[in-house]
Every structure is written in structure tokens, then in C-alpha cells.
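Listed below, chain by chain, are the residues.
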Amino acid sequence: MAYGTTMSRSPSSSGLLPMPGSPGSSWAMYKARLGALFQGADTSVVVAFWLFGLINNVSYVIILSAALDLVGPSVPKGVVLLADVLPSFLTKLIAPYFIHAVPYSMRIIVMCGLSAAGMFLIALTPSVLTGGSISIKLFGVGMASLSSGVGELSMLGLTHYYGPFSLAAWGSGTGGAGLIGAGLYVLLTNTIGLSVRNSLLACAFLPFIMPLAFFLILPQAPLRRTSSNKDYTPIPRISIDDSDITSLPTSSAADALLTPGPSTVSEAYTSHSRPASPPQGQATSHPSQKPTFLQNLSRTRALFIPYMLPLLLVYIAEYSINQGVSPTLLFPLQQTPFSAYRSFYPLYAFLYQLGVFISRSSTPFFRLHNLYTPSFLQIANFILLALHSVYFFLPSVYLVFLVVFWEGLLGGAVYVNTFAEIMEKVPVGDREFSLGATSVSDSAGICIASLIGMVIEGRLCEANVQRGRPWCRDLDL
């Protein structure tokens with residue numbers, strides 16, 4: 001099947017903020033449009049999905065931040081990355097074809113249990129430096145990864161019922177997880193002075209925030225209405241009268257963010273209103289028909305070129321940079337703000353995560369429709385930084401800082417806009433499945449990148465040493 005495109009709209013009609021320098025770019029206009037952009041957003045939905053994104057990804061970030069402490073200096077850190085991603089990748093690869101039969105409430109409980117159990121197992125297993133088992137720690141990492149995989153495909157599917165603000169909040173939360181997760185581990189271990197074991201034990205309680213957000217904060221009405229129907233029930237269309245218009249202006253985020261018309265968020269989130277016939281030409285599945293495995297495979301093939309491939313490419317490129325190239329992007333210390341070579345990588349990671357957070361939070365203000373352009377730009381970043389690692393032609397570390405920040409902006413933008421495009425262009429009956437199935441691309445990209453990183457990091461370091469720059473061998477562990 002082929003998913004169609006929607007008619008383009010001007011910024012003035014879509015509710016997007018005007019471009020600087022345009023006639024409508026005065027401060028008063030910006031203020032008015034900014035208010036209209038968020039009018040109609042349900043605070044409970046936004047808070048719940050931001051917490052979903054944060055908690056689902058924060059364990060992944062904490063585990064990577066603790067990689068050295070988990071396996072010791074003699075084991076490649078790519079092993080931890082692979083253990084942290086592979087179970088999630090396999091889950092996203094298989095689960096979309098049957099997980100619709102499991103209620104969201106049950107998924108939340110399972111995810112919380114797996115993530116917390118994995119973190120407790122990692123924390124309570126003795127350190128490898130004192131004879132502890134690496135395999136047991138990696139098993140705990142795998143449990144947390146499995147939870148993250150189920151969480152991502154489930155929460156992305158759940159955004160189908162709560163409208164575009166839920167997707168924007170989810171994307172912002174996942175971006176915030178990078179900053180908060182890495183910062184929290186440094187705060188606990190370096191600033192407060194907790195041991196690695198106690199720091200991980202404290203973090204093991206974070207997954208319990210997710211069921212609290214689901215059962216206490218998230219409005220349950222859309223799910224209750226859905227549960228009374230069978231799979232992929234067509235979302236009712238409503239007619240907007242004068243009273244509706246006062247509460248949902250045409251310049252609202254329903255029009256500006258992800259959807260083709262001002263009534264679509266109402267369809268997704270207020271389907272208790274009187275129903276009418278589905279939109280003309282809108283492909284939906286009959287409530288009594290469950291998609292077969294072959295039908296789901298056909299839907300996945302239709303998603304690959306427009307959505308899955310650009311997401312896969314951008315993740316391969318950016319995680320190859322992060323795991324394989326960044327550790328070798330070193331300069332003479334007197335030319336940098338650092339006093340030790342091991343300080344480069346944490347700042348690179350912070351700048352990357354900062355870029356990811358900003359771009360994943362950007363969909364209410366800026367939408368990206370061409371997903372391949374930033375993916376190819378990310379590949380160009382990988383080539384640029386790999387060549388610099390060998391030939392050392394960038395004159396300042398601050399230029400590298402800028403490229404790494406740009407890398408984060410590109411990666412985060414492709415991620416959140418991929419799912420935004422699905423929300424906008426994929427028919428309602430296929431949307432929940434499509435959101436979950438497409439999420440396999442990021443994990444697949446990270447798995448491939450972890451293998452690439454394990455190969456190229458050593459070779460790039462050796463090339464630096466041969467050219468008289470042995471700094472990658474001078475990292476104090």
C-alpha cells in the first residue's frame with residue numbers, strides 16, 4: 001500500500017510561527033500565535049507523556065554512563081551498548097505483530113517490573129573488579145533494554161489516541177532523558193559521592209514513576225472508549241459547530257503540528273462526540289477484522305522507504321560517531337578548556353544530548369517533512385569527523401563542539417519528525433501499528449553502529465598514534 005501526502009498549507013493558515021523578518025513576525029504576533037499553538041493542550045496528557053519518554057529512556061542513558069564502572073576498563077564499551085540495545089531491537093522487530101492483544105495497563109506493569117529488576121540486578125551484583133560476574137550484569141542490562149523496547153513501541157502507539165501534543169511531549173521527554181540521565185549519574189557518583197552500587201540502587205526506583213504517570217496522571221477515557229471496540233476501530237469524525245470553534249481555533253496545534261485539519265485532534269482525543277462517516281478516501285480497517293501477519297508485513301514494507309530507512313541511516317551515522325569516532329577527537333590540552341584527555345568525551349556526549357533534546361522538543365514550532373536530507377547530512381558529519389580524526393584538519397576543538405551539537409540536532413529532528421509524519425500521513429486504521437513498527441529502526445541503527453564503533457575506534461586511535469598524536473592512549477581510567 002502507499003500512504004498519500006497531505007496538502008501543504010501556508011504558515012499563516014497552519015498556525016506555525018511566522019518566519020523572522022516576515023510581515024507577521026512582530027512580537028505581538030509571535031505572542032498571539034504561541035498562545036494559539038498550545039491552546040487545547042491537555043496538561044495531564046503532556047505531563048504523562050513527557051514522563052513516559054523520560055523514564056523509558058533514562059535507564060538506557062544511566063547504563064551507558066556507567067559502562068566503565070559496570071565492565072571495567074579491559075572490556076570494550078561497545079559490549080555494554082550492544083547489551084543495552086539488542087533486546088530492545090529484537091522486541092521492536094517482533095512485538096508489533098502481536099502486542100496489540102496486550103492491554104496498555106498490563107504493558108506498563110511489565111515494563112516497570114523488567115526495568116526495575118534489571119537495575120537492581122546490575123546494582124546488587126558485585127563489581128567485576130572484585131570478582132563479580134560481567135554476564136550477570138549484562139543480563140540485567142538486557143532486562144532493562146527489553147523494557148525500553150516494549151515501552152517505546154507501546155508509548156508511540158498510545159500517542160495515536162491522545163493526539164499530537166502527546167507525541168511532542170514524548171519526544172521532548174526522550175530528549176530530556178539524555179541530559180537528566182547522564183547528569184544524574186554524575187551528580188550521584190561525583191558530586192554527592194555515592195558508590196556506584198548505591199547510585200544504581202537509587203536509580204532503580206525511577207521506573208516506578210511510569211505506572212504512577214499512567215494510572216494517576218494520564219486521562220483514561222480515550223483508552224476506555226477504545227477498549228469497548230475491537231482493534232483499529234475507525235476514529236469517529238465530528239462536526240464542529242460554533243461552540244466547538246471557540247475552544248479549538250483553526251490555528252491551534254491540531255492544524256499546525258501533525259494533522260491535516262483542525263478537527264483531527266478532536267477525533268483522536270474527544271471521540272465521545274457525535275460520530276459521522278469517516279473522511280472520504282481515508283483507509284480504515286473494519287472493527288471486526290484483525291490484521292493478519294501477512295497484512296502486517298505488507299504494512300511494514302510500505303513504511304520502510306518513507307519512514308524507517310531515514311531513521312535507520314541517521315542512527316547508524318550518529319552512534320558510529322558517538323561510539324567509534326568521538327573518543328579519538330582529541331586536541332593538545334593547552335588548546336582546549338580541559339585538563340585531562342578523558343574530559344573530552346563527556347562534553348561531546350553532553351553537547352550531543354543537548355542538541356537531541358532541543359530538536360525533539362521542536363515540533364510545536366518547526367516541522368520537518370523531508371527526512372532524507374538531515375539523514376544524509378548526518379552521514380556527512382560522520383565522514384567529516386572520521387576524516388578529521390585521521391588527518392587533523394579542523395583548527396579548533398570548538399568547531400568539533402559545534403559539529404557534535406549539530407549532530408544531536410539532526411538526530412533528534414529525524415526521530416521526532418519521522419513519527420510526526422506518520423501521525424499526519426498514515427491512515428488512522430494503520431497508524432497505531434505503524435508508529436510501533438517504525439520504532440525498530442532506531443534500535444537497529446544503534447546495533448549496527450555499535451559493531452561499526454568496535455571496529456573503527458581502535459583503527460582511528462592507531463592512525464592517530466602513527467601520526468604522532470597518541471592522546472587516545474593517554475586516557476586516565
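About the criteria used
- Residues numbered from 1 in each chain as written.
- Predicted model: local features only at pLDDT ≥ 70, side-chain atom pairs only at ≥ 80, totals over all residues.
- Heavy atoms only, no water.
- Helix = DSSP H or I, 4+ residues; strand = E, 2+ residues; numbered from the N terminus.
- Buried < 20%, exposed > 50% of the residue type's maximum accessible area, 1.4 Å probe, protein only.
- Areas by Shrake-Rupley, 256 points an atom, 1.4 Å probe, with all protein chains shown as cover.
- Polar contact = N/O pair within 3.5 Å; in protein donor to acceptor, adjacent residues only side chain to side chain.
- Contact = heavy atoms within 4.5 Å.
- Axes fitted to C-alpha atoms, helices over the stretch in contact; angles between N-to-C directions.
- Parallel < 35°, antiparallel > 145°, perpendicular 65-115°, else oblique.
- Core = buried A, V, L, I, M, F, W, Y, C linked by side-chain atoms within 4.5 Å.
- Phe/Tyr/Trp six-rings, centres within 6.5 Å; stacked < 30°, edge-to-face > 60°.
- Patch = residues over 30% accessible without salt bridge, like charges linked within 9 Å, V, L, I, M, F, W, Y side chains within 5 Å.
- Salt bridge = Lys/Arg side-chain N within 4 Å of Asp/Glu carboxyl O.

### Examining the overall build of the protein
Then comes step 1: Check the secondary structure of the protein and you find 20 helices and 0 strands.
Then comes step 2: Burial statistics for the protein: of 477 residues in total, 54% are counted as buried.
Then comes step 3: Of the roughly 20200 Å² of accessible surface on the protein, 67% is carried by carbon and sulfur atoms.

### Points about the side chain of T189
Then comes step 1: Tracing the sequence through the fold places T189 in helix α8 (residues 164-191).
Then comes step 2: Overall, T189 belongs to the buried group, its relative accessible area being 17%.
Then comes step 3: Among the polar contacts listed, one links the side chain of T189 to the backbone oxygen of Y185, at a separation of 2.7 Å.
Then comes step 4: When residues no more than four places from it in sequence are discounted, the contact partners of T189 are L194 and S199.

### Quick word on the environment of F304
Then comes step 1: Along the chain, F304 falls in helix α15 (residues 293-325).
Then comes step 2: F304 gets classed as partly exposed once you look at its relative accessible area, which sits at 37%.
Then comes step 3: Placed 134 residues apart in sequence, F304 and T438 show a C-alpha to C-alpha distance of 7.9 Å.
Then comes step 4: Discounting residues that sit within four places of it in the chain, F304 has contacts with L309 and P310.

### Looking at the packing of helix α7 (residues 134-162) against α8
Then comes step 1: Put simply, α7 and α8 touch, their axes get as near as 7 Å, and they point 150° apart. Judged by the inter-axis angle, α7 sits roughly antiparallel to α8. Residue-level contacts link G151, E152, M155, L156, T159 and Y162 of α7 to P164, S166, L167 and W170 of α8.

### Things to note about the nonpolar core
Then comes step 1: Judged by nonpolar contacts, the single largest core of 106 residues is most densely connected at F49, F52, L158 and L200.
Then comes step 2: When neighbours within four sequence positions are excluded, L158 is seen to be in contact with F49, F52, Y104, F214, L218 and L223.

### Considering the packing of aromatic side chains
Then comes step 1: Applying the stated criterion to the full structure yields 21 aromatic pairs.
Then comes step 2: Geometrically, the ring pair formed by F338 and F401 is edge-to-face, given 6.1 Å between the ring centres and 75° between the ring planes. Taken together, the residues F338 in the loop between α15 and α16 (344-360) and F401 in helix α18 (residues 397-425) connect sequence positions 63 residues apart. Here F338 matches F401 in class, with each residue buried.
Then comes step 3: Considering the side-chain rings of Y372 and F376, the 5.9 Å spacing of their centres and the 40° angle between planes classify their relative orientation as tilted. Pair noted here: Y372 and F376 are both in helix α17 (residues 372-391), with a separation of 4 residues, about one helical turn.
Then comes step 4: Judged by its relative accessible area of 48%, F376 is partly exposed.
Then comes step 5: Among the aromatic residues, ring-to-ring pairing joins F331, F338, Y341, F344, Y348, F392, Y398, F401 and W471 into one connected group.

### With respect to a nonpolar patch on the surface
Then comes step 1: There is a patch of nonpolar side chains on the surface, built from V47, M106, I109, V110, L212, F215, L216 and I217 and spanning about 720 Å² of accessible area.
Then comes step 2: Looking at the nonpolar patch, the elements that each hand over two or more residues are α6 (104-124) and α10 (209-217).
Then comes step 3: At 4 residues, α10 tops the list of elements feeding residues into the nonpolar patch.
Then comes step 4: Mapped onto the elements of the fold, V47 is located in helix α3 (residues 43-65).

### Quick word on the environment of S133
Then comes step 1: Structurally, S133 can be placed in the loop between α6 and α7.
Then comes step 2: Relative accessible area serves as the criterion here: at 25%, S133 is assigned to the partly exposed category.
Then comes step 3: When neighbours within four sequence positions are excluded, S133 is seen to be in contact with T125, P126 and V128.
Then comes step 4: Polar contacts involving the side chain of S133 include one to the side chain of S135, which spans 2.7 Å.

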